[in-house]
Amino acid sequence: MFRLAFLTLIFIGVYAFAEPKFPELTGRVVDEAGLLSKAQEQSLADMSGTIERDSTVQVVVVTLKSLDGYDIAEYGYQLARYWKVGQRDEDNGILIMIAPKDRKVRIEIGYGLEAFITDAEAYEMIQSKMIPRFKEKDVYGGIRDTIDAIGTIVSKEYQHDYGAYKPVRMSAFYIAAIASIPFLVMAFWAGSYFFSRQVNIAIRVIASVLVGGFAGFLVWAFSHIMIISGIIALIVAIIAYYSDQNSDYGSIIIDMADSGGNIGSGDSFEVFSGGGGDFGGAGASADIGSVLDGLGSL
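Residues numbered from 1 in each chain as written. Predicted model: local features only at pLDDT ≥ 70, side-chain atom pairs only at ≥ 80, totals over all residues. Heavy atoms only, no water.

(A) Spatial organisation of the pairing of strand 4 (residues 104-110). Of all 7 residues making up strand 4, 6 are buried, and the element is well covered by its neighbours. By the bridge criterion, 6 bridges tie strand 3 (residues 93-99) to strand 4 in an arrangement that is antiparallel. Considered in strand 4, the bridge of Ala99 is made with Lys104. The antiparallel pairing of strand 3 with strand 4 creates a hairpin that spans 4 residues between the two strands, and Arg103 there sits at a positive phi of about 60°. (Buried < 20%, exposed > 50% of the residue type's maximum accessible area, 1.4 Å probe, protein only. Helix = DSSP H or I, 4+ residues; strand = E, 2+ residues; numbered from the N terminus. Pairing = 2+ DSSP bridges.)

In structure tokens, the structure reads:
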């Protein structure tokens, strides 16, 4: 009797902590339940892509054939972590889930967005954006309106800063400053080219290091990525040092620009994957009743 009870507890424990079988992350929209047309999938994916380009926030939509007996909050939390939706160190992912067979929907919010989209706001989105459209059998419209509401919130309040909360958007000054970096590098290069012809090697080395260091600092100030800043600093320093040689570096750069001018002119495609984000179970769920009964497998 004791052995049977012990084995039963082990079975229950294994089942409780077992990971559900998840669908493959094939894109920004994973329509396993077949609720959307291909054109609708692409439209939602484009909306999600725009939000990520503007804010780095990743929004993924998934429709599920079944929750396999799991509560949607538990399933959504595990699926979001499994797919790693959101950027690493920022944890700014959002997972929109629709499970028509189980009559459940959920919006899962990543750690880094909990200060911007509360559980109450996520629930309000479900009630005001998603369910009214679903009642009209407009699954696409409900998801679209939800993504649009998410985009409005993050565009006004969220600024990615490697995990720090900053409820402001990047100002035009910073955008202009980042855009001016290539021109600053060329200006320093031209200055070092002139002065390097007038001074000895020792001073030229010092000047090149200073020029490269300043360029690297500018990149670091806006990217906070040390390895990229170091590489930029090294490249600029080398160019500055050798700029008094007979080689025509200007023509080299022009040739490189010409050779790269056609990049992207052919067909392009995007391979989407999670960025390494994490979740803590925040978000909201709702029972949608029978509003989506009979839909699916388009």
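(B) Focus on the packing of helix 2 (residues 38-55) against helix 5 (residues 139-157). Two elements in contact, helix 2 and helix 5, have axes separated by 10 Å at closest approach and are oriented at 5°. As judged from the angle between their axes, helix 2 and helix 5 are roughly parallel. Across the interface between the two elements, Gln40, Ser43, Leu44, Met47, Ile51 and Ser55 of helix 2 pack against Tyr140, Ile143, Arg144, Ile147, Asp148, Gly151 and Val154 of helix 5. Along the lines of polarity and charge, the residues of the contact of helix 2 with helix 5 split into 7 nonpolar, 4 polar and 2 charged. (Axes fitted to C-alpha atoms, helices over the stretch in contact; angles between N-to-C directions. Parallel < 35°, antiparallel > 145°, perpendicular 65-115°, else oblique. Contact = heavy atoms within 4.5 Å. Nonpolar A, V, L, I, M, F, W, Y, C, P; charged D, E, K, R; others polar.)

(C) Broad picture of the nonpolar core. Membership of the largest hydrophobic core comes to 39 residues, with the highest contact counts inside it found for Ile94, Ile96, Ile98, Phe134 and Ile143. When contributions to this core are tallied by element, the ones reaching two or more residues are helix 2, strand 2 (58-63), strand 3, strand 4, helix 4 (119-135), helix 5 and strand 5 (279-287). Looking at this core, the element that brings in the most residues is helix 5, giving 8 residues. Discounting residues that sit within four places of it in the chain, Ile96 has contacts with Val59, Val60, Val61, Val62, Arg106, Met130, Thr146, Ile147 and Ile150. Core analysis: the second largest hydrophobic core is formed by 18 residues, Val62, Leu67, Ala80 and Met97 among them. (Core = buried A, V, L, I, M, F, W, Y, C linked by side-chain atoms within 4.5 Å.)

(D) Quick look at the packing of helix 4 against helix 5. Contact pair helix 4 / helix 5: the axes reach a minimum separation of 6 Å and the direction vectors enclose 160°. Here helix 4 lies roughly antiparallel to helix 5, going by the angle between them. By crossing handedness, the relation of helix 4 to helix 5 is classed as right-handed. The residues of helix 5 that touch helix 4, namely those facing Met125, Lys129, Met130, Arg133 and Phe134, are Val139, Gly141, Gly142, Ile143, Arg144, Asp145, Thr146, Ala149, Ile150 and Ile153. (Left-handed = near helix turned anticlockwise from the far one by under 90°.)

(E) View of the pattern of salt bridges. This model, assessed by the stated rule, comprises 6 salt bridges. For Asp145, the salt bridge is made with Arg144, and the minimal N-O distance between the two is 3.2 Å. Residue Arg144 is classed as partly exposed on the basis of its relative accessible area of 25%. The network of salt bridges with shared partners includes Arg133, Asp138, Arg144 and Asp145. (Salt bridge = Lys/Arg side-chain N within 4 Å of Asp/Glu carboxyl O.)

(F) The environment of Ile107, seen in detail. Among the structural elements, Ile107 can be located in strand 4. On the basis of relative accessible area, Ile107 is assigned to the buried category, the value being 0%. Sequence separation between Ile107 and Thr146 is 39 residues; the distance between their C-alpha atoms is 9.5 Å.

(G) Representation of the packing of aromatic side chains in the model. Counted according to the given criterion, the structure contains 3 aromatic pairs. Judged by centre distance (5.3 Å) and plane angle (80°), the ring pair of Phe22 and Tyr75 falls under edge-to-face. With a gap of 53 residues between them, Phe22 in the loop between helix 1 (2-17) and strand 1 (29-31) and Tyr75 in helix 3 (residues 72-83) connect regions that are remote in the sequence. We classify Phe22 as buried; its relative accessible area is 12%. Seen from their ring centres, Phe22 and Tyr82 are 5.0 Å apart, and the 40° between their planes marks the pair as tilted. Highlighted residues: Phe22 in the loop between helix 1 and strand 1 and Tyr82 in helix 3, separated in sequence by 60 residues. An aromatic cluster is present here, built from Phe22, Tyr70, Tyr75 and Tyr82 joined pairwise through their rings. (Phe/Tyr/Trp six-rings, centres within 6.5 Å; stacked < 30°, edge-to-face > 60°.)

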